[in-house]
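# Structural description and commentary
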Amino acid sequence: MISRIIKIACFGVLIFFSLQAAAQDIISYGGTFTVSQDNGGGPNANEGSLKLVDNNPNTKIFVGGVQLPWYMQWACTTPARAAQYTMTSGNDDPTRDPKNWILAASNDAAAWTTIDTRTNETFGGRNETRTFDIPMANQAVYKYYRLTISAIGSGTNFQMSEWRLLEGLPPAAPTVLAGLATAGSEILLTWEDNASNESGFEIERSSNGTDFVKVGSVIANRLNFAATGLLVNTSYQFRVRAINTYGNSTYSNTIVISTLNQSGQLTDVTDDGGVLAVSKDNDGGPTSGEGSLKLIDNNYNSKFLVFGAMTVDGYWVRYRAQNPWMVTKYTITTANDAASRDPKTWKFQGTNDTAAGWTDLDSRTGVTFAGRNTGYTFAFANNTAYTYFRLLVLQNNGSGNIMGQISELEIWGMSPNAPKVPADLDVTAVTFITATLKWTDNSSNETGFEIEKSEDSLNFESAGTAPANSNTFEVTNLLGGFKYYFRIRAINASTRSIWSKVVDTITDYDPNLPLTPRNLIGVALSETAVNLTWDDRSGNETSFEIERSINGINFIPLNTVNANIVTYADNGLNLASRYYYRVRAKNGFGTSYYSNVVTVTTLGKNIAPTLDAITNKDICTTDSTFTFDLTGITTGAEAWQLVTLAVTSSDATLFDELSVTPVVNGKAQLSYNAAKGGTATITVRAQDNGATYNGGADTYTRTFTIVVNPLVVNIASDKGVVIPRLESAQLTASGAENYTWANAHGIESGQQQAVLTVRPTINTAYTVLGKNSRGCKDTATITIQLKGNYNLDPVNVITPNGDGKNDRWVIWNINAFPNNEVRVMDRAGRVVFMQKNYMNDWEGTYNGAPLPEGAYLYVIKLGPGIPPAQGVLTIIRNRK
């Protein structure tokens, strides 16, 4: 017997101690150890080659600038048969770990036989021991064993802690099995490992101390297990055994332990929205890249780092929860590097009043952590709910200039306000496709219930929810003649209860009808083909009917296959398209229920439709509808598709109308009518019905601008719109490039110019038409009024001699009397002039010839009910 060092887990803490190992370690029988390249200090150096076979996983060999392939060789004093071997990683830097190697054996150190080959191997943690089985066919008695490493993680530095060669014997039994209840549904187990060749451990549970069932397993060297899914306040028995290829150990001691009388689900308290505080934060503050908030960000690749040397008071992390929690464990996740910064000695504390002091819930001393970015859970007994929790770190693992670092802190607790676990769950009725559940509601504060179902009692999925105060629920969409498992829990606004006991039932079925096919699976074979498979649960079907849908709602028959055929290939499909399938069995008595619906997307990518570029538009009117063609509209490469268009504007208020017609023969028309001036970006979206599955594209857009710049013509008068009698005014039009004034009274000049000169004798409206080079046009009107009263005031003398003065007979304010009629008569009573709506433009002529000088009688009729005006008009021609 020889002494060796092993590690056990004591509720999350890795500790080391010495014990006697069984004599199945070939290296322990004696022999000679050699390597192809040693540490620079030689085999006996602090990191020399003999550290590989000293049976101490805390020492190691280190070879800088290793020359690969590198080997280590054991020459047995007495030839032995190796069935397994172990390799233990170094304490730091996983890039130095071995990656590829072969194990060879020989009886003369000349002719070697390869007995095991490994490639791309990794170690999950530091100082981790892994056991490798040598294939049975390769096992024999050999004197020499050589392990040749051909690749390491990276770089040129190699390290390794331990190498052992083991005979093929069953492992020794674990001992000192212990347990701690941490919730109403969880018990943590730990044990001592007395073997070096186990491949793992099996954990068994019993409710009566006699009938044990396997409830889990862990890998070699893992010395703890969380038994979950237990019932609240219930007694259980547990035992453990070690296993390997060559047999199983005897069982450990059996323990009897009860779960807590707590119905609340274990929850990470740091996720309840509380407040984190620290005694000293990162220099960058709590939100910096390594600030304190990284402690509770649920990201195991970030970390909280505190600069400065460790003080006698250490540092603390405090979390104030939103509500009280009964905490029974916490998890510390180590950071990515520098194990010397890890916590070594600490206290975990709780309180409801920080001023009143803290209660120590857990204390740890001299803890080392082997793994980086690895979570370690520490459990303790506690039955008090607290609101404040504090991790007080008093020592780190040796860092001088860094106080500490932690990747994540998780605090696990139960809410004292959790609803009670529903009791007496039972199945009261079943049909072909339903099961009715009934339970006892033990709570007064639940807001509802969550029900789950399973087909194997291990993997559960949601079956639905029930409202508060209910005690029944019908689970639907089940398969006939099938065994199901059910469980239920109560929920409220802040937390959930643990799960109830699990009950099972078998749904009804008609023995004459075939059972429902299940586990329908669809796999896309190509862009146009899908393969379907299903489980045939019947022995009396004559065929299977396959149905297909393109929307998951409306199914149509696809095909029928013969009995016992459980596969079907659907061809001629469209690429990158989603299809839904279901299957049912059929015989002479009828059909089964449908199977589950499976959704399959064919391979390939949809190609976006096309649309030609659209030129920008520039318009200058808001009273017309413009229409133009959209061209080059195609479905892309998929001719079977359809394309629809949609048009939008960046300024919806700019248009009274903006629309696009359906696509016909690769064309459509876009119409618009502007409501005001402005500029808008118009987007035309072409979308086909091929969808975007597999990263495809079903949309293509074109954009262009529409500029609405209406032509606005204005008129200004140099003397205003009211001018004195007999005076001229200049009317100036602006806003256009070319102008044409409409014929009107009093125009003197400029009828084709921007400036029009007028001398009206009556109130007159002047209208101009403006145009520009873009073809835009607009009109404007201005009315010039004459100063004075509105009494009729005829001039009694005119001198029509062409001098531009007093050439026309002016009747002031005549325009105030619409429908007037003016008559002028000579002395003989003959009418020489007559005009309705007189425009002040008569120059004393008759039939185009000047009237002789003299006096003439005039009569002006002003309208119904108004006495006519009469008087004498004198014409003088030769005076200048």
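Below or above, wherever it landed, is the structure these notes cover. (Residues numbered from 1 in each chain as written. Predicted model: local features only at pLDDT ≥ 70, side-chain atom pairs only at ≥ 80, totals over all residues. Heavy atoms only, no water.)

## Thoughts on the sheet that holds strand 31 (residues 423–430)
Read from one edge of the open sheet, 3 strands run 31-32-35, paired in antiparallel fashion. Each edge of the sheet is formed by a strand with only one pairing partner; in this case those strands are strand 31 and strand 35 (472–475). Direction aside, the axes of adjacent strands within the sheet are offset by 25° on average. With 5 bridges joining them, strand 31 and strand 32 (residues 435–440) adopt antiparallel strand pairing. The partner of Val-430 across the bridge, within strand 32, is Ala-435. (Pairing = 2+ DSSP bridges. Helix = DSSP H or I, 4+ residues; strand = E, 2+ residues; numbered from the N terminus. Axes fitted to C-alpha atoms, helices over the stretch in contact; angles between N-to-C directions.)

## Re the state of the cysteines
Applying the stated rule across the entire model yields 1 disulfide. Across the disulfide from Cys-620 sits Cys-776; the S-S distance is 1.3 Å. Handedness here is read from the sign of the S-S torsion; for Cys-620 and Cys-776, about -95°, the answer is left-handed. Taken together, the residues Cys-620 in the loop between strand 46 (617–619) and strand 47 (626–630) and Cys-776 in the loop between strand 59 (764–771) and strand 60 (777–786) connect sequence positions 156 residues apart. Judged by relative accessible area, which is 2%, Cys-776 ranks as buried. (Disulfide = S-S within 2.5 Å. Buried < 20%, exposed > 50% of the residue type's maximum accessible area, 1.4 Å probe, protein only.)

## A look at the pattern of salt bridges
Per the counting criterion, the structure on display carries 31 salt bridges. Ionic pairing is found between Glu-545 and Arg-584, a salt bridge with its closest N-O pair at 2.8 Å. Of this pair, Glu-545 sits in strand 40 (residues 543–549) while Arg-584 sits in strand 43 (residues 578–587); the two residues are 39 residues apart in sequence, bridging distant segments of the chain. When its relative accessible area of 16% is taken as the criterion, Glu-545 is described as buried. One continuous salt-bridge network, built from bridges that share partners, spans Lys-60, Asp-92, Asp-93 and Arg-96. (Salt bridge = Lys/Arg side-chain N within 4 Å of Asp/Glu carboxyl O.)

## A few points about the pairing of strand 37 (residues 503–506)
The side-chain alternation of strand 37 yields one buried face, formed by Val-503 and Thr-505, and one unburied face, formed by Asp-504 and Ile-506. Pairing analysis gives 4 bridges linking strand 36 (residues 483–491) to strand 37, with the strands arranged antiparallel. Residue pairing in the sheet places Phe-486 in a bridge with Val-503 of strand 37.

## Quick notes on the packing of aromatic side chains
By convention here, two paired aromatic rings are described through the distance between centres and the angle between planes. Inspection of the entire model under this criterion finds 32 aromatic pairs. Measuring from ring centre to ring centre gives 5.9 Å for Trp-809 and Tyr-838, while their planes differ by 45°; the resulting arrangement is tilted. With Trp-809 in the loop between strand 62 (797–798) and strand 63 (811–812) and Tyr-838 in the loop between strand 65 (831–836) and strand 66 (845–846), this residue pair connects regions lying 29 residues apart in the sequence. Residue classification places Tyr-838 among the buried positions, given a relative accessible area of 2%. An aromatic cluster is present here, built from Tyr-330, Trp-346, Phe-348, Phe-369, Tyr-376, Phe-378, Phe-380 and Phe-389 joined pairwise through their rings. The residue whose ring lies beneath Lys-143 is Tyr-144, and the NZ or CZ to ring-centre distance is 5.8 Å. (Phe/Tyr/Trp six-rings, centres within 6.5 Å; stacked < 30°, edge-to-face > 60°. Lys NZ or Arg CZ within 6 Å of the ring centre and 35° of its normal.)

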